[in-house]
Structures are given as C-alpha cells and as structure tokens.
Amino acid sequence: MSLHLQASALRALTVAALAAGAVLTAPAAGATPKEAAPTSAAAPTSAAAPTFLSASQLPPHPTSSWTAGPVTDGFPDELGLCLSTEGVPGYDYRHRRFWTDLDAGAVQLTVVADTSAQAKALAQHYDDLIRTCADRIEESSPDVEAEGRNYGTLPVEEGARVRGLHTETSWGATDIALLSVGRDGRTVTVVKWGQMGDFRDAPVAAFKKTTRTAVDKLY
C-alpha cells in the first residue's frame, strides 16, 4: 500500500491502537516483574535471531523484480496505518522492507516476546487491529472509504491468518494491501504487501504462500 494515506490517518489511529492494546501491558496475576524474573535453567543462553523472507519469496510481480533491503531494528512506518507499538511491552522489533521498480512494496516485521503466551496475545492483538482497521480508517478519515476482507488461516507452526484491506479516497486514489500475522513459539511475524489497485489486483494465493514461508523459516 502506498504511504499517502498513512500521514492523514496515523495520528487518529494511534489513539485507537493504544486503547485496544493497553491490556497487553498488564502482568498476569502473581507474575514476577520482568526485571526481577529468575532465569530458567532450561532456557537457552542465547536465542537465534528470526530469519526473514528473501526477495524471491514475495508474490511475483508481473513486470518487475523485488529488491530486499537490510534487516533493520525498530517498527516500520509501513505498518502504522493499522498497527502500533502503543500499549504493548517494549519487545524486540526488527523489520525488512521490499520494493519493486513500480508501485508495489512489502515489509516484514518480527517481534520476539518474553514467553509463548505473550506472543500468542500479541499475535491476537495485531490480528484484531488489522481486522478493525477499515472501520478505524473511515472513522478518522471521512474522505476515505475502506473495506477489509478475511482470507482465512494457515496451518503453519502456531498458525497464521491472512486479511486484505482496500482504501479509496474521495479524490480517486485506490490502494490494496494484504496483511498476515503468524507465530512460531514466542516470535510473531507480520507481513504486508501493497500496491495501487483493488481486491481484483490482490495475489491472495501467492501471498498465502509467502506468509507460510515467512512463518516456517523464522527458525
């Protein structure tokens, strides 16, 4: 999805994301604070970093090849229209951007939580934000019509879900995005593909393959 909608909608959506995600910051009853938590004897001394998609694993573009950027620390702006780090713990965020010579772009985010239970909650939280993104866009941006679609789940590792988002502005700009959330243990990954167009232009089957690959190759 191109970035021209993100600047107009991101501020208003951050407030909604903060309210939706606040529950993730509360520790479970009786939980030991993170800074005082003892080290488990079974825990590995160092964990391998999640592996990212390569350019060749993105949905094929009909006229242009994909280019992959470096793996970078932090939360990518490309996900800011629907997702946010507000209201969740300060996890280890890393991302990789992808682009073509034309209008298509993509990004993959990985998030390493402290436990599998926290990762499960975070994956559900991000899927909920994607599911409600179209409604929040229309509430915050009267000049934008948005529609979300559910493309179902994928049986890979702890599971993944794929959704679509179409936006159209009053001045005629139209964008289509596919987004997925998947989990392997205590690691969550979010993948987004986008370009100008509508649902007819969305490579759903190819994106499902990309999502399956993204989750499967994390470790």
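Please refer to the structure higher up on the page.
Residues numbered from 1 in each chain as written. Predicted model: local features only at pLDDT ≥ 70, side-chain atom pairs only at ≥ 80, totals over all residues. Heavy atoms only, no water.

Caption draft 1: The state of the cysteines, seen in detail. Using the criterion set out here, one finds one disulfide in the structure. Between the sulfur atoms of Cys 82 and its disulfide partner Cys 133 the distance amounts to 2.0 Å. Taking the sign of the S-S torsion, -85° for the link of Cys 82 and Cys 133, the bridge is left-handed. Of this pair, Cys 82 sits in the loop between β1 (67-73) and β2 (92-99) while Cys 133 sits in helix α3 (residues 133-140), and the two are 51 residues apart along the sequence. Exposure class is identical for Cys 82 and Cys 133. Each is buried. (Disulfide = S-S within 2.5 Å. Helix = DSSP H or I, 4+ residues; strand = E, 2+ residues; numbered from the N terminus. Buried < 20%, exposed > 50% of the residue type's maximum accessible area, 1.4 Å probe, protein only.)

Caption draft 2: Main features of the packing of aromatic side chains. Taken as a whole and judged by the stated rule, the model has one aromatic pair. Both rings, one in Phe 75 and one in Tyr 93, keep their centres 5.6 Å apart while their planes meet at 80°; by these two values the pair is edge-to-face. Separated by 18 residues along the polypeptide, Phe 75 in the loop between β1 and β2 and Tyr 93 in strand β2 bring together distant segments of the chain. Over the face of the ring belonging to Phe 199 we find Arg 149, whose NZ or CZ atom lies 3.8 Å from the ring centre. (Phe/Tyr/Trp six-rings, centres within 6.5 Å; stacked < 30°, edge-to-face > 60°. Lys NZ or Arg CZ within 6 Å of the ring centre and 35° of its normal.)

Caption draft 3: Representation of helix α4 (residues 204-216). Taking 1.5 Å of rise per residue, 13 residues should cover 18 Å, and α4 covers 18 Å from first to last C-alpha, within 8% of that figure. Within the span of α4, buried status applies to Val 204, Phe 207, Thr 210, Thr 211, Ala 214 and Val 215. Angular distribution of buried residues about the axis of α4 spans 130°; they occupy a single face of the element. Opposite its buried face, α4 presents the exposed residues Ala 205 and Lys 209, each directed more than 90 degrees away. Where the residues of α4 are buried, they touch β3 (105-112), β4 (144-154), β5 (160-169), β6 (174-184) and β7 (187-196). (Expected span 1.5 Å × (residues − 1). Arc of directions from axis to C-beta. Contact = heavy atoms within 4.5 Å.)

Caption draft 4: View of the pattern of salt bridges. Using the criterion set out here, one finds seven salt bridges in the structure. Here Asp 127 ties to Arg 163 by a salt bridge, and the two come within 2.8 Å at their closest N and O atoms. With Asp 127 in helix α2 (residues 116-131) and Arg 163 in strand β5, the pair connects residues that are 36 residues apart, well separated along the chain. Exposure remark for Asp 127: the relative accessible area of 8% places this residue in the buried category. The class for Arg 163 is buried, based on a relative accessible area of 9%. Between Glu 147 and Arg 149 there is a salt bridge whose closest N-O contact spans 3.3 Å. (Salt bridge = Lys/Arg side-chain N within 4 Å of Asp/Glu carboxyl O.)

Caption draft 5: Structural view of the sheet that holds β5. The seven strands lie next to each other as β1-β2-β3-β7-β6-β5-β4, forming an open sheet whose pairing is antiparallel. Unpaired on one side and paired on the other, β1 and β4 mark the two borders of the sheet. The sheet shows a mean angle of 15° between the axes of neighbouring strands, direction not considered. Those strands touched by α2 are β2, β3, β5, β6 and β7, and its axis lies near 165° from that of β6. Across the sheet, α3 lies against β4 and β5, angled at about 170° from β4, the strand it touches most. (Pairing = 2+ DSSP bridges. Axes fitted to C-alpha atoms, helices over the stretch in contact; angles between N-to-C directions.)

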